[in-house]
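# Analysis of the macromolecular model
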Amino acid sequence: MDARFAWTLCVLCLVITVRAFTQEGFKEVLLKQLGLSEVPKLHKRDLVDLVIPDHVKNKYISMLKRHRVKRRALPSLAGILRGIPGNAGEALYSDTTMRQNLIFDMEGRIPENSEVTMAELKLFKKPLDRAKLPAKQSHRPVSNARVSVYWVQRQHDGTNRTSLIDSRLIPIRESGWKNFDVTQAVHYWLRNKRREPMFLEVCIEGERVGSHALEMAKAVRFTSQDPRDKALGKPELVLYTLNLEDYGGPGDCKEEVVMAKSTCCRQKHYVSFRELTWTQYWIIEPAGYQAYRCSGGCLQPPSPLRRFGYGERTCAVAESSPLPIMYLVKRGNRTEIEAAEFPNMIVEKCSCVTDG
């Protein structure tokens, strides 16, 4: 069932983007395509103690990066944020991971009528304290630690929801600046439209499973936002934007055009997997995405041409791009996580096409 679900999901997300299905209509079509009478029983408890395997995480991150490279365009520097003054940015240590919380004040930092095309988190890795390295043993050499960055969304009930943003291997013995692509986290923050800072969490883990890799990773330390940390190089959030007056995407709708619905154009349309109650436990990442949809009308051919078989011209998708998705599958009593790049999920260009 999981393969059919994956294929159907990518097709139907394009359908809901173009035709603006209602949530109930989208669900009905999905169930019909899968031959199901009701949504499979997936609950929050399916996520308890569920660990994202490294190969799935790496595959998802690789697809995200490949997708972002295609969409970047001529960014200009909008600002360098260095955290909220006086806020320590808590660091937590456990037997398996080191987690460092970062807080950035985003309010008023993004220029009006602009789009964030890229955002980078810059962390300064402190020089290695060799005294903290474990004694050499007959293990396979460990050269790296895995560093992952999560966006943290504070819930109204006091709990946190995290979304994986970027993950990469960092050489343990090298110091200096390390950059992470957190564009998706900034887009999430903008989407929520909350007048609150942006919260990020940095997680340091072993390069691979095993106690030796874990002990090596514990030697990795980044500077913190704590004013008491006198090390040079505080964490930085670097924002890049496009001025939409100068670099607005070709064929994108302007507000007045959308209202009049007179010209075929690409309109913003956000799909939230968290708000769709029947997908909120199915889709692990992303929480949602900007899908866009085609809106507006087209000039029609003269009446004489219609008699020769020319159909009505309608505004439709001309180009689309894929979206990486991490989702749950049920195999008997087991719940597993898979990642795939689903085609035709994001409308890139709209055009007037002739029916038939």
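In this text, all values refer to a predicted model and were calculated from it rather than measured experimentally. (Residues numbered from 1 in each chain as written. Predicted model: local features only at pLDDT ≥ 70, side-chain atom pairs only at ≥ 80, totals over all residues. Heavy atoms only, no water.)

## Re the state of the cysteines
Scanning the entire structure with this criterion turns up four disulfides. Between the sulfur of Cys 253 and that of Cys 265 lies a disulfide, 1.9 Å long from S to S. What sets the handedness of the Cys 253 and Cys 265 disulfide is the S-S torsion sign, and at about 100° it is right-handed. Of the two residues, Cys 253 is situated in the loop between helix H6 (244–247) and helix H7 (255–260) and Cys 265 in strand S10 (residues 265–267); the sequence distance between them amounts to twelve residues. Taking only the cysteines that form disulfides and numbering them from first to last, the chain has the pattern 1-3, 2-6, 4-7, 5-8. (Disulfide = S-S within 2.5 Å. Helix = DSSP H or I, 4+ residues; strand = E, 2+ residues; numbered from the N terminus.)

## Focus: the pairing of strand S15 (residues 313–331)
The two faces of the sheet receive side chains in turn, since in a regular strand these alternate between them. Relative to S15, strand S12 (residues 283–285) is paired through two bridges, and the arrangement is antiparallel. In the sheet register, Glu 285 faces S15, and the bridge partner there is Met 326. Pairing analysis gives 17 bridges linking S15 to strand S16 (residues 334–354), with the strands arranged antiparallel. In the sheet register, Leu 328 faces S16, and the bridge partner there is Ile 337. Linking S15 to S16, which pair antiparallel, is a turn of two residues; within it Gly 332 sits at a positive phi near 65°. (Pairing = 2+ DSSP bridges.)

## Some remarks on the environment of Leu 239
Relative to the helices and strands, Leu 239 resides in strand S9 (residues 236–243). Since its relative accessible area comes to 1%, Leu 239 is described here as buried. With 129 residues separating them along the chain, Leu 239 and Ile 110 place their C-alpha atoms 8.1 Å apart. (Buried < 20%, exposed > 50% of the residue type's maximum accessible area, 1.4 Å probe, protein only.)

## Some words on the confidence of the model for the chain
Across the chain, pLDDT averages 75, with 70% of residues at or above 70. Considering only residues more than four positions removed or in separate chains, one finds that residues 10–21, a stretch of pLDDT under 50, has 29 contacts. (pLDDT = per-residue confidence, 0-100. Contact = heavy atoms within 4.5 Å.)

## Examining the nonpolar core
Met 106, Leu 121 and Met 198 are the most contacted members of the largest nonpolar core, which has 39 residues in total. Setting aside chain neighbours within four positions, we find Met 106 in contact with Leu 81, Val 186, Trp 189, Met 198, Leu 237 and Leu 239. (Core = buried A, V, L, I, M, F, W, Y, C linked by side-chain atoms within 4.5 Å.)

## A few points about the pattern of salt bridges
Applying the stated criterion to the full structure yields five salt bridges. When the shortest N-O distance is used, the salt bridge between Lys 57 and Glu 205 registers 3.5 Å. Residue Lys 57 is located in helix H3 (residues 54–71), and its partner Glu 205 is located in strand S8 (residues 198–206); the two are separated by 148 residues in the primary sequence. Here Glu 205 falls in the partly exposed class, since its relative accessible area comes to 22%. One salt bridge connects Arg 266 with Glu 348, and the closest N-O pair in it is separated by 3.8 Å. Note that Arg 266 is positioned in strand S10 and Glu 348 in strand S16, a separation of 82 residues in sequence. Residue Glu 348 is classed as partly exposed on the basis of its relative accessible area of 26%. (Salt bridge = Lys/Arg side-chain N within 4 Å of Asp/Glu carboxyl O.)

## Section: the packing of aromatic side chains
Summed over the entire model, instances satisfying the criterion amount to two aromatic pairs. Consider the rings of Phe 124 and Trp 177, whose centres lie 5.4 Å apart with planes at 75°: the pair is edge-to-face. Taken together, the residues Phe 124 in strand S4 (residues 114–125) and Trp 177 in strand S7 (residues 176–181) connect sequence positions 53 residues apart. Where Trp 151 meets Tyr 188, the ring centres are 5.0 Å apart and the plane angle is 45°; that geometry is what we call tilted. With Trp 151 in strand S5 (residues 144–154) and Tyr 188 in helix H4 (residues 183–192), this residue pair connects regions lying 37 residues apart in the sequence. (Phe/Tyr/Trp six-rings, centres within 6.5 Å; stacked < 30°, edge-to-face > 60°.)

## A look at the sheet that holds S15
Strand order in the open sheet formed by three strands is S12-S15-S16, with antiparallel pairing between adjacent strands. Bordering the open sheet on either side are S12 and S16, each of which pairs with just one other strand. Within the sheet, the average angular offset between the axes of one strand and its neighbour, ignoring direction, is 45°. (Axes fitted to C-alpha atoms, helices over the stretch in contact; angles between N-to-C directions.)

## Description of the side chain of Ser 321
Within the element layout of this structure, Ser 321 appears in strand S15. Take Ser 321: its relative accessible area is 7%, and that puts it in the buried class. A distance of 2.6 Å separates polar atoms of two side chains, one belonging to Ser 321 and the other to Glu 348. (Polar contact = N/O pair within 3.5 Å; in protein donor to acceptor, adjacent residues only side chain to side chain.)

## Things to note about the pairing of S5
With ten of eleven residues buried, S5 is to be regarded as a mostly interior element. Relative to strand S6 (residues 160–171), S5 runs antiparallel, the two sharing eleven bridges. Bridge pairing in S6 places Val 152 opposite Thr 162. In this structure, S5 lies alongside S8, joined through eight bridges in antiparallel fashion. Bridge pairing links Tyr 150 to Glu 201 in S8.

## Concerning unusual backbone geometry
Cis geometry marks the peptide bond from Glu 285 to Pro 286, where omega comes out at -5°. Along the chain, the position of Pro 286 falls in the loop between S12 and strand S13 (288–290). The phi angle at Tyr 292 is positive, at roughly 65°, despite the residue not being glycine. Note that Tyr 292 resides in the loop between S13 and strand S14 (293–295).

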